[in-house]
Amino acid sequence: MEIDHNFYMNLAISEAWKYQGLTYPNPAVGCSIVGENGELLAVEAHHKAGEPHAEVNALKAAYYKLTQDDTVLSLKSSFDIHNYLLKKHNNIFKNCSLYSTLEPCSHVGKTPACANLIAKLGIKNVFIGVEDFNTEAAKGNAVLKKADCNIRLHVEQKKCEDLLFPFKKFLHERFVFFKWAQRLNGTTDEGIISSNESRKNVHAMRNVCDLLVIGGNTVRKDRPTLDARLVNGKAPDILILSRKDEFDTSIPLFAVKNRKVYIKDDFSVVENYKNIMIEGSTKMYELSREIVDYYLCYLAPSLGGKEGFANIEDKFDILNASKEEEDIIMWMKRRI
């Protein structure tokens, strides 16, 4: 039976996009495990820095599906999962194939090396989207080759590069993304627009981003807190983009502990940060367009409001679109 390798890699890519913006300073990575007859055993992703990598999560799920040994499901630590699989695998993976959007890591840090685990489990066919460009974790392929794994590179390479672009940027420079929520008729004003799950998703991104940029008029009008309370996370530093530097300091965002708040009329502060989220609408979009890498839109299935993006004729390439509870979430890149 001929296996569609792109299909299984695309499953891994789609799963990884669900965690884009949540894994900093790690990359968003996806992994699929396929049985010898083409049966799908697992599709997983890396969820959060410090937690198991995509390959480990996928191998854990595949092991359970093949053995029904539910002890593995209670294991949370990457080291514990590694050790359990190495002890219990009994060669059940020898005819399986693994698809990873990024070359499995060879680095031992907060988590053990994925390449070592894959090699020791006896997986012979490994399909990789992109080689690792992080020198600290690279050379996983060499580990796999030494274990006689059959490696096929660059499966859905462009899609994997788009997925991993944020990691590549903040690894050496900075990654900037612009987030907004809108209704079906394009409006972005008058109260809460997106669903509770979407707002939790945004708060989870705030929890890991270094800097949040917001317009001065929005601060004065909405009096926001701009924290990550919906996920019990930390609050990022704030850049208020404003020509006027006088603000009512009783606005909640100023009262958040361990936070720096800058009031500037330019984006110079961005140079000191790695992972930056910008929130706004038309004016902020126009002001920030030269520094933004990706755009993130939460499209709510509702009508209402009065104002939205106006007099802008830009076009976008949709990198990924998914449904979160009620809303459609789109990661996009502006066409230049």
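As shown above, the structure is provided for reference.
Let us look at the structure shown here. (Residues numbered from 1 in each chain as written. Predicted model: local features only at pLDDT ≥ 70, side-chain atom pairs only at ≥ 80, totals over all residues. Heavy atoms only, no water.)

1. Quick word on the nonpolar core
Phase 1 of the analysis: In this structure, Ile33 and Leu59 are the most contacted members of the largest nonpolar core, which totals 74 residues.
Phase 2 of the analysis: With sequence-adjacent residues up to four places away left out, Leu59 is seen in contact with Ile33, Leu85, Phe93, Leu98, Leu117, Ile118, Leu121 and Ile123.
Phase 3 of the analysis: Listed in part, the 21 residues of the second largest apolar core include Leu211, Leu239, Val269 and Cys297. (Core = buried A, V, L, I, M, F, W, Y, C linked by side-chain atoms within 4.5 Å. Buried < 20%, exposed > 50% of the residue type's maximum accessible area, 1.4 Å probe, protein only. Contact = heavy atoms within 4.5 Å.)

2. Examining the environment of Leu11
Phase 1 of the analysis: Note that Leu11 resides in helix 1 (residues 5–17).
Phase 2 of the analysis: The exposure class assigned to Leu11 is partly exposed, which follows from its relative accessible area of 26%.
Phase 3 of the analysis: Taking the C-alpha atoms as reference points, Leu11 and Ile312, 301 residues apart in sequence, are found 34 Å from one another.
Phase 4 of the analysis: Each residue touching Leu11, except ones within four places of it in the same chain, is listed here: Ser32, Leu40 and Val43. (Helix = DSSP H or I, 4+ residues; strand = E, 2+ residues; numbered from the N terminus.)

3. Let's talk about the side chain of Asp162
Phase 1 of the analysis: Here Asp162 is to be found in helix 6 (residues 157–172).
Phase 2 of the analysis: Given the relative accessible area of 16%, Asp162 is considered buried.
Phase 3 of the analysis: In this view, Asp162 contacts Trp17, Tyr294 and Leu319; residues no more than four positions away in its chain are not counted.

4. Some remarks on unusual backbone geometry
Trans peptide bonds make up most of the peptide bonds, and negative phi angles are found at most residues other than glycine.
Phase 1 of the analysis: Note the cis peptide between Tyr24 and Pro25, where omega equals 5 degrees.
Phase 2 of the analysis: Despite not being glycine, His154 shows a phi value in the positive range, around 65 degrees.
Phase 3 of the analysis: With a phi angle near 60 degrees, Asn311 is a residue other than glycine that sits in the positive phi range.
Phase 4 of the analysis: Examined against the element boundaries, Asn311 turns out to sit in the loop between strand 11 (294–299) and strand 12 (316–324).

5. Description of the side chain of Glu15
Phase 1 of the analysis: Tracing the sequence through the fold places Glu15 in helix 1.
Phase 2 of the analysis: With relative accessibility at 14%, the residue Glu15 sits in the buried group.
Phase 3 of the analysis: Contacts of Glu15, omitting those with residues within four sequence positions, involve Val43, Glu44 and Ala45.

Function cannot be inferred from these measures alone, as they are strictly geometric.
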